[in-house]
Amino acid sequence: MSEKIVKTLSKEIDTIKGKTQELTFSEPTGLELRKIGMPFIIKDGGIEINSDKVALYIEKCCGLGVNDANNLPLPDFVEAQNTVLGFFGQSEN
């Protein structure tokens, strides 16, 4: 079982489970990959990120509800995105 990654948000957000200021990421499974697909495509020597798929992974990996990732402030979304991409061996950093 892989280690969980905990990120503190810059401000509290509303989720369907209540308010939170912390995201706890679990590594996505092969089944989730098959259902959601890759959160990026490799194109012209770089990667093109699909933010809609990233949002689905944030929600799934953190146990959030549908559309809860929409409530993340932009800097927190980008940090969560980098965490998700890290599960796939990719990162913007």
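Thresholds, definitions, all that
Residues numbered from 1 in each chain as written. Predicted model: local features only at pLDDT ≥ 70, side-chain atom pairs only at ≥ 80, totals over all residues. Heavy atoms only, no water. Helix = DSSP H or I, 4+ residues; strand = E, 2+ residues; numbered from the N terminus. Expected span 1.5 Å × (residues − 1). Buried < 20%, exposed > 50% of the residue type's maximum accessible area, 1.4 Å probe, protein only. Contact = heavy atoms within 4.5 Å. Phe/Tyr/Trp six-rings, centres within 6.5 Å; stacked < 30°, edge-to-face > 60°. Core = buried A, V, L, I, M, F, W, Y, C linked by side-chain atoms within 4.5 Å.

**Here's the deal with helix α3 (residues 74-87)**
Taking 1.5 Å as the rise per residue, α3 with 14 residues should run 20 Å; its terminal C-alpha atoms sit 20 Å apart, in good agreement. By the burial criterion, the buried members of α3 are D76, F77, A80, Q81, N82, T83, V84, L85 and F87. Lining the buried residues of α3 we find β1 (5-15), β2 (18-25), β3 (40-43), β4 (46-49) and α2 (51-61). Downstream of α3 by a residue or two, G89 has a phi angle that is positive, lying close to 75 degrees.

**Here we look at the packing of aromatic side chains**
Scanning all chains against the criterion turns up 2 aromatic pairs. Between the aromatic rings of Y57 and F88, the centroid separation amounts to 5.2 Å while the plane-to-plane angle is 70 degrees, which identifies the pairing as edge-to-face. With a gap of 31 residues between them, Y57 in helix α2 and F88 in the segment after α3 connect regions that are remote in the sequence. Each of the two residues, Y57 as well as F88, counts as buried. An aromatic cluster of at least three residues, connected via ring pairs, comprises F40, Y57 and F88.

**Quick notes on the nonpolar core**
Among the nonpolar cores identified, the biggest contains 21 residues, and L23, F25, I58, L72 and F77 are the most heavily contacted of them. Put simply, the parts of the chain that give this core at least two residues each are β1, β2, α2 and α3. Excluding anything up to four places from it in sequence, F77 contacts S51, V54, A55, I58, A69 and L72.

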